[in-house]
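Breakdown of the fold
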Amino acid sequence: MPCMLRLAIQKSGRLSEDSLNLIRECGISFVSSSLKLKTESTNFPLEILYLRDDDIPGYVADGVADIGIVGENVLVEEGKQSLTVEKLGFSKCRLSLAVPKTMEYNSIQDLNGKNIATSYPNLLKAYLQEQGVEADIHTISGSVEIAPSIGLAEAICDIVSSGSTLISNGLKEVERVFKSEAALIANEELSEEKREILEKLLFRIHAVQRARKKKYILLNAPNESLDEIRSLLPSIKSPTILPLAEDGWSSLHSVVNEDDFWEIIEKIKAAGAQGILVIPIEKMII
Ligand code: ATP
Ligand code: MG
């Protein structure tokens, strides 16, 4: 049987869609079905296991899966951060402390002696220690945000992205404990063959990630403006310049950072650029 790399991803939840999209954007095809627990790619030596996110670090550490995609919050909570290969830039969120909005809160010291509910006891304990605060940590596995209103705890420590869940439960965010995003993790003792497959996968992931931040730009400009336009597009090293059918005009093609682009668009227009097209790039190999 040919060697396959086994990837564990979250079966259904906030990491699932972006994890699957990343694999698909790497040109790796597979049939996904919500009923299946395992699928094999048809065009890359990759097998996908669908698991609960909490189980992913343990399965990868034990070698049941070779690699996995999981939130850093879960990874660090389980003390498995040494498995990290790289951060993936999606599922960004933070672990925060929150208290009822009616509570007077001036500093972290106000949590001394309080009862705090969380699903992340290890991350919270480390943070409180660092801050010199002594509190009782009450570990619960879900619905943490209702703990204060039912009298289970005086404060909570939970995952926040926009903060709207906190507000709708009458809470306010008071401290940020940990910043998280999705990470690619790998077993530390992969065979040579599996390591090679991982390298191929990483090559593709990097091409996809690089392309996400860049745009292909095309514009037309009078020849005498070309030097100024090039100087305004700092990321352009050597743009392609083609003559237009109309005398004295050229078309300039290059790759720019999308973020930079929005800052300089007015200036390149003022310099004479016309018919500016900005096009997404699918893959970028450098
Ligand atoms: P499972 O059933 O697999 O155990 P879960 O309920 O524990 O799922 P989800 O709520 O799907 O987990 O969240 C999975 C991960 O996504 C979290 O551990 C965190 O890294 C990230 N995450 C959680 N909430 C958000 C959010 N609001 N925005 C972005 N990312 C988030
Ligand atoms: Mg979970």
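About the criteria used
- Residues numbered from 1 in each chain as written.
- Chains lettered and ligands numbered in written order.
- Predicted model: local features only at pLDDT ≥ 70, side-chain atom pairs only at ≥ 80, totals over all residues.
- Heavy atoms only, no water.
- Disulfide = S-S within 2.5 Å.
- Buried < 20%, exposed > 50% of the residue type's maximum accessible area, 1.4 Å probe, protein only.
- Near = heavy atom within 4 Å.
- Polar contact = N/O pair within 3.5 Å; in protein donor to acceptor, adjacent residues only side chain to side chain.
- Areas by Shrake-Rupley, 256 points an atom, 1.4 Å probe, with all protein chains shown as cover.
- Nonpolar A, V, L, I, M, F, W, Y, C, P; charged D, E, K, R; others polar.
- Domains from an automatic or database assignment.
- Donors = N, O, S within 2.8 Å, 3.2 Å for Na, K, Ca; no water.
- Pairing = 2+ DSSP bridges.
- Helix = DSSP H or I, 4+ residues; strand = E, 2+ residues; numbered from the N terminus.
- Right-handed = clockwise from strand over helix to strand, strands pointing away.
- Salt bridge = Lys/Arg side-chain N within 4 Å of Asp/Glu carboxyl O.
- Axes fitted to C-alpha atoms, helices over the stretch in contact; angles between N-to-C directions.
- Contact = heavy atoms within 4.5 Å.
- Patch = residues over 30% accessible without salt bridge, like charges linked within 9 Å, V, L, I, M, F, W, Y side chains within 5 Å.
- Lys, Arg positive; Asp, Glu negative; His and termini not counted.
- Charge placed at Lys NZ, Arg CZ, Asp CG, Glu CD.

1. So, the state of the cysteines
In total, this model carries 0 disulfides according to the counting rule given. For the unlinked cysteine Cys93, the closest cysteine sulfur is that of Cys157, found at 12 Å. Under the relative-accessibility criterion, Cys157 is labelled buried at 0%.

2. Some thoughts on the site of ligand 1
Close contacts around ligand 1 come from 15 residues, with Arg14, Arg52, Asp54, Asn73 and Ser161 the closest. At 2.8 Å from an oxygen atom of ligand 1 is found a main-chain nitrogen or oxygen belonging to Arg14. Burial of ligand 1 by the surrounding chains reaches 75%, relative to a free accessible area of 640 Å². Partitioned by chemical class, the residues of the shell around ligand 1 number 4 nonpolar, 6 polar and 5 charged. Counting contributing residues, the shell around ligand 1 receives three or more from each of domain 1 (5–90 + 182–190) and domain 2 (93–180).

3. Structural notes on the coordination of the magnesium ion (ligand 2)
Coordination of the magnesium ion (ligand 2) by the protein is provided by Asp53 (OD) and Asp54 (OD), with metal-donor distances spanning 2.0 to 2.1 Å. The exposure class of Asp53 is buried, given its relative accessible area of 17%. Residue classification places Asp54 among the partly exposed positions, given a relative accessible area of 33%.

4. Considerations on the pairing of strand 8 (residues 136–139)
Strand direction decides the pairing type here: strand 7 (residues 115–118) and strand 8, joined by 4 bridges, are parallel. Of the residues in strand 8, the one forming a bridge with Ile116 is Ile137. On the question of chirality, the crossover connecting strand 7 to the parallel strand 8 by way of helix 4 (residues 121–131) is right-handed.

5. Description of the environment of Gly13
Residue position: Gly13 is located in the loop between strand 1 (5–10) and helix 1 (16–25). Since its relative accessible area comes to 42%, Gly13 is described here as partly exposed. Gly13 sits 220 residues away from Leu233 along the chain, and the two C-alpha atoms are 40 Å apart.

6. Some points on the pattern of salt bridges
Summed over all chains, the structure comprises 9 salt bridges. Note that Asp54 and Arg52 form a salt bridge whose closest N and O atoms lie 3.4 Å from each other. A network of salt bridges, in which partner residues are shared, links Arg6, Lys38 and Glu47.

7. Concerning the sheet that holds strand 4 (residues 67–71)
Read across the sheet, 6 strands follow the order 2-3-1-4-11-5 without closing on themselves; strand pairing throughout is mixed. Since the sheet does not close on itself, it has two edges, and those belong to strand 2 (38–40) and strand 5 (84–87), each with one partner. Within the sheet, the average angular offset between the axes of one strand and its neighbour, ignoring direction, is 25 degrees. Taken together, the 2 bridges between strand 1 and strand 4 define a ladder with parallel strand orientation. Looking at the pairing, Leu7 lines up with Ile67 of strand 4. Packing against the sheet, helix 1 makes contact with strand 1, strand 3 (46–51) and strand 4, and its axis sits at approximately 150 degrees to strand 1. On top of the sheet, helix 6 (residues 192–213) reaches strand 1, strand 4, strand 5 and strand 11 (182–186); it is set at about 10 degrees to strand 5, its chief contact.

8. Considerations on a nonpolar patch on the surface
Together, Tyr216, Leu277 and Ile279 make up an exposed nonpolar region whose accessible area comes to about 240 Å². Following the sequence through the fold, Ile279 ends up in strand 15 (residues 274–280). With relative accessibility at 34%, the residue Ile279 sits in the partly exposed group.

9. Some points on a negative patch on the surface
On the surface, a cluster of negative charge is contributed by Glu192, Glu193, Glu196 and Glu199. Its place among the elements puts Glu192 in helix 6. Glu192 sits in the exposed class, given a relative accessible area of 58%.

10. Points about unusual backbone geometry
A positive phi angle, near 50 degrees, is found at Ser91, a position not held by glycine. Within the secondary structure, Ser91 is located in the loop between strand 5 and strand 6 (93–100). Residues other than glycine seldom take positive phi values, yet Ser143 does so here, at roughly 50 degrees. With respect to the element layout, Ser143 can be found in the loop between strand 8 and strand 9 (155–160).

Honestly, that's just the spatial picture; any functional story needs more than this.
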